[in-house]
Amino acid sequence: MIKQETITQIRDRASIVEVVSDYVTLKKAGRNYMGLCPFHSEKTPSFTVSEEKHIFHCFGCNAGGGVFQFLMRIDQLSFPEALERLAKRYGIVIEQSERGSAARQAGERETLYRIKERAAANYEKVLASHAEGKWARDYLKNRGV
């Protein structure tokens, strides 16, 4: 288990603008930074990053959160994986307690869950809109589903 003080230290030391800039081209707009949202397609910037508040928000798709949530969403990481990545980037040592292996197992379960979610979303997409799913759509329609 990672101590709350370590999590706070990582959050405070990590620059959300630096981390997001690895994925998105940001331009200064007053106190904040603006760019195109990496989570959906858009032509005009609706993605805002606030260094002061340590948050990001997209007014187009309503994605938002802090630096941990950004990394978790953009790279499909678990919370412990995002913590480890930021700790390594900013030179912070994470001391694992005896329950660290439980957190690692939870991270592995989370990764498997995300893989299953992506597979289900892919099958749903094929069923809903691809030619390969027409037979299944017709079958379900005839069954009243």
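These remarks concern the structure in this document. (Residues numbered from 1 in each chain as written. Predicted model: local features only at pLDDT ≥ 70, side-chain atom pairs only at ≥ 80, totals over all residues. Heavy atoms only, no water.)

Here's the deal with the pattern of salt bridges
Step number 1: What the rule picks out here adds up to 6 salt bridges.
Step number 2: With its nearest N and O atoms 3.3 Å apart, the salt bridge here joins Arg114 to Glu110. Here Glu110 and Arg114 lie together in helix α5 (residues 100-129), a separation of 4 residues that amounts to about one turn.
Step number 3: In this structure Arg114 comes out as partly exposed when scored by relative accessible area, which is 21%. (Salt bridge = Lys/Arg side-chain N within 4 Å of Asp/Glu carboxyl O. Helix = DSSP H or I, 4+ residues; strand = E, 2+ residues; numbered from the N terminus. Buried < 20%, exposed > 50% of the residue type's maximum accessible area, 1.4 Å probe, protein only.)

A short note on the pairing of strand β3 (residues 47-50)
Regular strands have side chains that alternate between both faces of the sheet.
Step number 1: Because side chains alternate across β3, one face comprises the buried residues Phe47 and Val49, and the other comprises Thr48 and Ser50, equally buried.
Step number 2: Inspection of the sheet shows strand β2 (residues 32-35) paired to β3 by 3 bridges, in the antiparallel sense. The residue bridging Gly35 from the neighbouring strand is Phe47, located in β3.
Step number 3: Of the pairings in the sheet, the one linking β3 to strand β4 (residues 55-58) comprises 4 bridges and is antiparallel in character. Each residue of the ladder has a partner; that of Ser50, found in β4, is Ile55.
Step number 4: Hairpin geometry of β3 and β4 is characterised by an intervening segment of 4 residues between the two adjacent antiparallel strands and by a positive phi of about 60° at His54. (Pairing = 2+ DSSP bridges.)

With respect to the packing of aromatic side chains
Step number 1: According to the stated counting rule, one finds 9 aromatic pairs in the structure shown.
Step number 2: Judged by centre distance (5.4 Å) and plane angle (80°), the rings of Phe56 and Phe70 are edge-to-face. Taken together, the residues Phe56 in strand β4 and Phe70 in helix α3 (residues 67-75) connect sequence positions 14 residues apart. Taken individually, Phe56 and Phe70 each receive the classification buried, so the pair is uniform in this respect.
Step number 3: Here the aromatic rings of Trp135 and Tyr139 are separated by 5.7 Å at their centres, their planes lie at 10°, and the arrangement is stacked. Of the two residues, Trp135 and Tyr139 both sit in helix α6 (residues 134-142), 4 residues apart, roughly one turn of that helix.
Step number 4: Residue classification places Trp135 among the exposed residues on the basis of a relative accessible area of 65%. (Phe/Tyr/Trp six-rings, centres within 6.5 Å; stacked < 30°, edge-to-face > 60°.)

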